Amino acid sequence: MIIEQIYTGCLAQGAYYIESNGEVAIIDPLREVQDYINRAAKNNSKIKYIFETHFHADFVSGHVTLAEKTGAKIVFGPTAKTNFDAIIAEDHQVFKVGDLTITVLHTPGHTMESSCYLLKDKNGKDHALFSGDTLFLGDVGRPDLAQKGALTQEDLAGLLFDSLRNKVMPLADDVIVYPAHGAGSACGKNLSKETVGTIGNQKETNYALRANMTKAEFIKEVTEGLLPPPAYFPLNVQMNREGYKSIDDVIKNSAKPLSVKEFEFMANDTNAVILDVRHQTEFIKGFIPQSIFIGIDGGFAPWVGALIKDTKQPILLVAPEGREEDTITRLSRVGFDNVLGYLEGSFASWQNANKEIDTLRSVSADVLGDKIKENAIVFDVRKPGEFESEHVENVPSTPLSFLNDHITEFPKKEDFYVYCGGGYRSVIASSILKARGFHNVIDVAGGYAAIRNTTIKRTATVCPSTLK
């Protein structure tokens, strides 16, 4: 028996490769599927099933492409409706993979079709639960993404309570839990950094699995403090339900090198977003005017989804040389397939052609401290939870995810300063603000991590677990 978790950090997503006696099952695959095919071929095994825990909202799954390339059957839980061939399993239906069995446990709540998959070993012993977005380590799936008609988030939370109590918590304490996501995912609010746990550990540490917890308490706590989901979520759900282009075709159509002249023409002749994915320290020094920065080496794909939002938006790339295809692949993971091409030679070719460039002002945390003494205007673009835990005194919370909601709060003339946790998100925010005409924005290098090493007055630290 082989069980391998294939974890993608920038998406905080876990896919799973299960192999037994020449047969393979894949659970929640990423959109680029060749790696799964290669792994199976290396062991002379055949991919038999592709199990989907639900219609994912935060990434495009590889189920359709993988089925086309291998002949494997796609399996969804009860009530799922697809535009492609799939097995819509019954609750407790059993699938055989080599010497193993995988049992469908229908666990509605996060979504109506959400299901967990219980793996039993060759002796019939419960071994592992692939819990999707039903159960995370430290949290459970948010119940607000599948509201429809009269079905409210409170209704879904109630269903999730029943699913967890009736299907998950009765499992033995030593059953391994393999969730679909970890810390950093927008699919929950209190996810652990750990990516593998046990049922017993979750009963002890997960607030939503407390013994003697009432359904009313569960509904209140699970729905409390939910931030609005990123705008691209329903677009990804649609792609996962209806199907999508092969990633091979996406890369073929998108990985087009453009000369400076071609790039400039397309930038002027289309409504494309110029997306610069270099490191923030490079972007600050110089970039094409009106560019938006979202660095490839940060939480790239989710931030693209949250801030660009429309998956059909045309995009022109400025990427580090040699990483253009990698960038296109990562964009496709969240459904952004409309890349028109990339600047050949990266930003250096634009500079060498003596084209107009822009720069971003940036100061150290020490300089910010001096400016605060002169009543500088400062904004915190971290997540609300980070802000509530600790922040610079008298500074408002303007989270990057909801920057559009705060645009009127930024001054048009006076200089103002923007900080995040470590300097990545503040450059994203600053680039967006600059593109909108706020040329008076100044980034704080190193973010709050650097601010902690200064004498700047900060609020007392509050443990996030005590926040409501």
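These remarks concern the structure in this document.

Rules behind the numbers
Residues numbered from 1 in each chain as written. Predicted model: local features only at pLDDT ≥ 70, side-chain atom pairs only at ≥ 80, totals over all residues. Heavy atoms only, no water. Helix = DSSP H or I, 4+ residues; strand = E, 2+ residues; numbered from the N terminus. Rg over C-alpha atoms; globule rule 2.2 N^0.38 Å. Buried < 20%, exposed > 50% of the residue type's maximum accessible area, 1.4 Å probe, protein only. Areas by Shrake-Rupley, 256 points an atom, 1.4 Å probe, with all protein chains shown as cover. Lys, Arg positive; Asp, Glu negative; His and termini not counted. Charge placed at Lys NZ, Arg CZ, Asp CG, Glu CD. Pairing = 2+ DSSP bridges. Phe/Tyr/Trp six-rings, centres within 6.5 Å; stacked < 30°, edge-to-face > 60°. Axes fitted to C-alpha atoms, helices over the stretch in contact; angles between N-to-C directions. Parallel < 35°, antiparallel > 145°, perpendicular 65-115°, else oblique. Left-handed = near helix turned anticlockwise from the far one by under 90°. Contact = heavy atoms within 4.5 Å. Core = buried A, V, L, I, M, F, W, Y, C linked by side-chain atoms within 4.5 Å. Polar contact = N/O pair within 3.5 Å; in protein donor to acceptor, adjacent residues only side chain to side chain.

Some thoughts on the overall build of the protein chain
Counting its regular elements, the protein chain contains 16 helices and 21 strands. Since a compact globule built from 468 residues should have a radius of gyration of about 23 Å, the 24 Å found for the protein chain is in line with a globular shape. If you line up the protein chain on its principal axes, its C-alpha atoms span 70 × 50 × 40 Å. In the protein chain, which comprises 468 residues, the proportion classed as buried is 57%. Summed over its atoms, the accessible surface of the protein chain is roughly 19,700 Å², and 49% of this surface lies on carbon and sulfur atoms. Both charge centroids of the protein chain, one from 49 positive and one from 60 negative side chains, sit 1 Å from each other.

Considering the sheet that holds strand β13 (residues 257-258)
What the five strands build is an open sheet, ordered β13-β17-β16-β14-β15; its pairing is parallel. Here the strands that pair on one side only, and so sit at the sheet edges, are β13 and β15 (292-293). Pairing of strand β14 (residues 273-276) with β15, which is carried by two bridges, proceeds in the parallel orientation. Across the sheet, residue D276 finds its bridge partner in β15, namely F293.

Comments concerning the packing of aromatic side chains
Following the criterion strictly, the structure yields 21 aromatic pairs and no others. Here Y16 and F130 contribute two aromatic rings whose centre-to-centre distance is 5.1 Å and whose plane-to-plane angle is 65°, an arrangement assigned as edge-to-face. Here Y16 is found in strand β2 (residues 13-20), whereas its partner F130 is found in strand β10 (residues 126-132), with 114 residues between them in sequence. Its relative accessible area of 1% is what places Y16 among the buried residues. With a centroid separation of 5.6 Å and 45° between ring planes, the pair formed by Y49 and F51 is classed as tilted. Y49 gets classed as buried once you look at its relative accessible area, which sits at 13%. Using a relative accessible area of 0% as the deciding quantity, one classes F51 as buried. By the ring-pair criterion, three or more aromatic residues cluster together here, those being Y49, F51, F95 and Y117.

Some thoughts on the packing of helix α7 (residues 247-254) against helix α11 (residues 324-333)
Their axes nearest at 10 Å, the elements α7 and α11 cross at an angle of 130°. The orientation of α7 relative to α11 falls into the category oblique. The two elements α7 and α11 meet at a crossing, and its hand is right-handed. Contact residues: α7 offers I247, V250, I251 and S254, while α11 offers E325, I328, T329 and S332.

Points about the nonpolar core
In terms of nonpolar packing, the biggest core is built from 81 residues, with L275 and I294 touching the most fellow members. Here this core gets seven residues from one element, more than from any other, and that element is helix α10 (residues 300-308). Apart from the residues lying within four places of it in its own chain, the contact partners of I294 are L275, D276, V277, F300, W303, V304, L307, Y424 and I428.

Quick word on the side chain of R278
Mapped onto the secondary structure, R278 falls in the loop between β14 and α9 (280-285). Relative accessible area serves as the criterion here: at 8%, R278 is assigned to the buried category. Among the polar contacts listed, one links the side chain of R278 to the side chain of D276, at a separation of 2.8 Å. One polar contact links the side chain of R278 to the main-chain carbonyl oxygen of G286, over a distance of 2.8 Å. The contacts of R278, once residues within four sequence positions are left out, are F283, G286, F287, F293, G295, V318, A319, P320, S346 and F347.

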